[in-house]
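These are the residues of each chain, in order.
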Amino acid sequence: MPAKGEGMAGGALRLRYPKTSRLTESGDFARVKKEGRAFHGRYMVMGVSKNRPSTRFGVVTSRRVGNAVARNRLRRRLREMARLAQARIVPGLWIVLVVRAAAGRATGDMLRAEFVALGTRAGIFTAP
């Protein structure tokens, strides 16, 4: 059995998403809004601030999205999308997703498609 933090059986890459990779302070969210650029979609707004010491990611969901269960489910989905995409994200970015009310009725595929589309427009992905 591999030790904690080592690769999993079968050679699968283990992508971790520690708390240090998340934006948690309100000042950090405000800094992205003030100094970064916003890219608007139907289900979310992606704010991107460049030239940061490390890549970090944050999600904002208001009560307009739905009840606590719906908001937490959306946060988990979006954090998972960011975790899976982290290997392709350019280093040194702070990324904030502000979830719109329409996202509460969107499927996972619709959210994923918009995340990729906004990320491509924002230039957060490395070249394949």
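Residues numbered from 1 in each chain as written. Predicted model: local features only at pLDDT ≥ 70, side-chain atom pairs only at ≥ 80, totals over all residues. Heavy atoms only, no water.

(A) Looking closely at the overall build of the protein chain. When its secondary structure is counted, the protein chain shows 3 helices and 4 strands. Scored against the burial criterion, the 128 residues of the protein chain give a buried share of 38%. Here the contacts in the protein chain between residues at least 6 apart in sequence split such that 77% fall between residues at least 24 apart. Only carbon and sulfur atoms are counted for the fraction: they give 53% of the accessible area of the protein chain, which is about 8100 Å². (Helix = DSSP H or I, 4+ residues; strand = E, 2+ residues; numbered from the N terminus. Buried < 20%, exposed > 50% of the residue type's maximum accessible area, 1.4 Å probe, protein only. Contact = heavy atoms within 4.5 Å. Areas by Shrake-Rupley, 256 points an atom, 1.4 Å probe, with all protein chains shown as cover.)

(B) Just unusual backbone geometry, in detail. A positive phi is found at Asn 51, a non-glycine position, where the angle reads about 60 degrees. With respect to the element layout, Asn 51 can be found in the loop between β2 (44–49) and β3 (56–61). The exposure class assigned to Asn 51 is exposed, which follows from its relative accessible area of 76%.

(C) Main features of the pattern of salt bridges. All told, the structure shown has 5 salt bridges when counted by the stated rule. Two residues, Glu 35 and Arg 52, come together in a salt bridge whose shortest N-O distance is 2.3 Å. Of this pair, Glu 35 sits in helix α1 (residues 26–35) while Arg 52 sits in the loop between β2 and β3, and the two are 17 residues apart along the sequence. The network of salt bridges with common partners includes Asp 28, Arg 31 and Arg 56. (Salt bridge = Lys/Arg side-chain N within 4 Å of Asp/Glu carboxyl O.)

(D) Broad picture of the side chain of Thr 61. If you trace the backbone, Thr 61 turns up in strand β3. Polar contacts involving the side chain of Thr 61 include one to the side chain of Arg 75, which spans 2.7 Å. (Polar contact = N/O pair within 3.5 Å; in protein donor to acceptor, adjacent residues only side chain to side chain.)

(E) Examining the confidence of the model for the protein chain more closely. Per-residue confidence for the protein chain gives a mean pLDDT of 87; residues scoring 70 or more make up 88%. By mean pLDDT, the top-scoring element of the protein chain is strand β1 (residues 37–40) (97), and the lowest-scoring one is helix α2 (residues 68–85) (92). A low-confidence stretch, residues 1–8 (pLDDT under 50), is modelled with 8 contacts involving residues beyond four sequence positions or located in other chains. (pLDDT = per-residue confidence, 0-100.)

(F) Representation of the pairing of strand β4 (residues 94–99). Counting buried positions along β4 yields 5 of 6 residues, so the element is predominantly enclosed. Sheet topology places β2 next to β4; 6 bridges connect them, and they run antiparallel. Considered in β4, the bridge of Val 48 is made with Ile 95. Sheet topology places β3 next to β4; 6 bridges connect them, and they run parallel. Bridging from a neighbouring strand, Thr 61 pairs with Val 99 of β4. (Pairing = 2+ DSSP bridges.)

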